[in-house]
Amino acid sequence: MTDGARELVRVERRGAIAVVTIDRPERMNALSRATVERLGAIGRELQSDPSVRACVLTGAGDKAFCAGADLKEREAMTREQVREMLGLYQSELAWLSASDFPTIAAINGVALGGGLELALTCDLRCMSEHATLGLPETSLAIVPGAGGTQRLPRLIGEARALDLVLTGRRVDAEEALNLGLVNLVVRHREPLLDAAFKWLLPIADGAPIAQRAALAAVRAATRLPLDQGLAFERDQYERCLQSTDREEALAAFQEKRKPQFRGQ
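Just so it is clear, the model here is predicted, and its values are computed rather than measured. (Residues numbered from 1 in each chain as written. Predicted model: local features only at pLDDT ≥ 70, side-chain atom pairs only at ≥ 80, totals over all residues. Heavy atoms only, no water.)

Visitor: Even after reading the chapter, I still don't get the layout of surface pockets, so can you show me in this structure?
Guide: By rolling a water-sized probe across the atoms, one finds the places where empty space is left. One number sums up the size of the largest pocket: a volume of about 740 Å³. Along the walls of the largest pocket sit 23 residues, with Cys122, Asp123, Val218, Arg219 and Thr222 positioned nearest its centre. For the lining of the largest pocket, the elements supplying multiple residues, two or more each, are helix H5 (114-121), strand E7 (124-128), helix H6 (148-156) and helix H10 (208-220). The dominant element in the lining of the largest pocket, judged by the number of residues it contributes, is H10, at 5 residues. Of the residues in the lining of the largest pocket, the class split is 11 nonpolar, 6 polar and 6 charged. The space that makes up the second largest pocket amounts to roughly 470 Å³. (1 Å grid on protein atoms, 1.4 Å probe; cavity = no way out; pocket = protein on both sides within 12 Å on 5 of 7 lines; lining within 4 Å. Points joined across faces, edges and corners; volume = space filled by probe spheres on them. Helix = DSSP H or I, 4+ residues; strand = E, 2+ residues; numbered from the N terminus. Nonpolar A, V, L, I, M, F, W, Y, C, P; charged D, E, K, R; others polar.)

Below, the structure written as structure tokens:
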């Protein structure tokens, strides 16, 4: 990995929360191959750090979260290179929906095409009041190729997903919230990341084992039949039942104090 590639994405820490920022504002934070590879490397680093309790993904500046594929780079690619790029989307970005910690897209501007698909890969989404979302791929004679046709229907339903995919229209913050595309809209009076950190505080301060177990159980609901899902939920409850954090929570409740969780 070259130093230039490392500068495409920044990583900071706010306590237990990692902040990953795509830093290509001059290209609307578009996803070049090097950017995607760097995101993958960061994901592997964060997953090996047990102190990370949540990860916020955002874009530099206030115009774009991510405008999708870097079309300037894409124009020079062969068909085989495009196929390789689609594979990288899966291999390098999968950690966003598979890590032990929740991932949150803080959408600070336009999120189009692969940019919206990137946000959909995260567990949760918040967006600035001025931001817009869309999947314009069909207007470019292609289809969403980074998971959009699969994740969007699971999130908002087939009919609503077809509307956005087939028309390629843009969605503003109010409609995105109504559709269930995002969990939170942040008004102009409050900085987006400040609002995201405030929203995530219960996760950062919560019981680590319970947070990981809950995340795993809810994620499993979309891939397991109900009977298997209920059994999986029971297994996750057992993880919590055996923890000293559970004992600490009960003691803190009785003593009317804030619990001190240790992830044990």
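Still more ground to cover, so stick around.
Visitor: I keep staring at the sheet that holds strand E2 (residues 17-22) and nothing clicks. Help me out?
Guide: Working definition: the strands of a sheet are paired by backbone hydrogen bonds and lie parallel or antiparallel to each other. Read from one edge of the open sheet, 6 strands run E1-E2-E3-E5-E7-E10, paired in mixed fashion. Each having just a single partner strand, strand E1 (9-14) and strand E10 (184-186) make up the two edges of the open sheet. Direction aside, the axes of adjacent strands within the sheet are offset by 20° on average. Here 4 bridges tie strand E5 (residues 103-107) to E7, and the two strands are oriented parallel to one another. Following the sheet pairing, Ala105 is matched in E7 by Arg125. Most of the contacts of helix H9 (residues 192-205) go to E7, to which it runs at about 155°, and overall it touches E1, E2, strand E3 (54-59), E5, E7 and E10. (Pairing = 2+ DSSP bridges. Axes fitted to C-alpha atoms, helices over the stretch in contact; angles between N-to-C directions. Contact = heavy atoms within 4.5 Å.)

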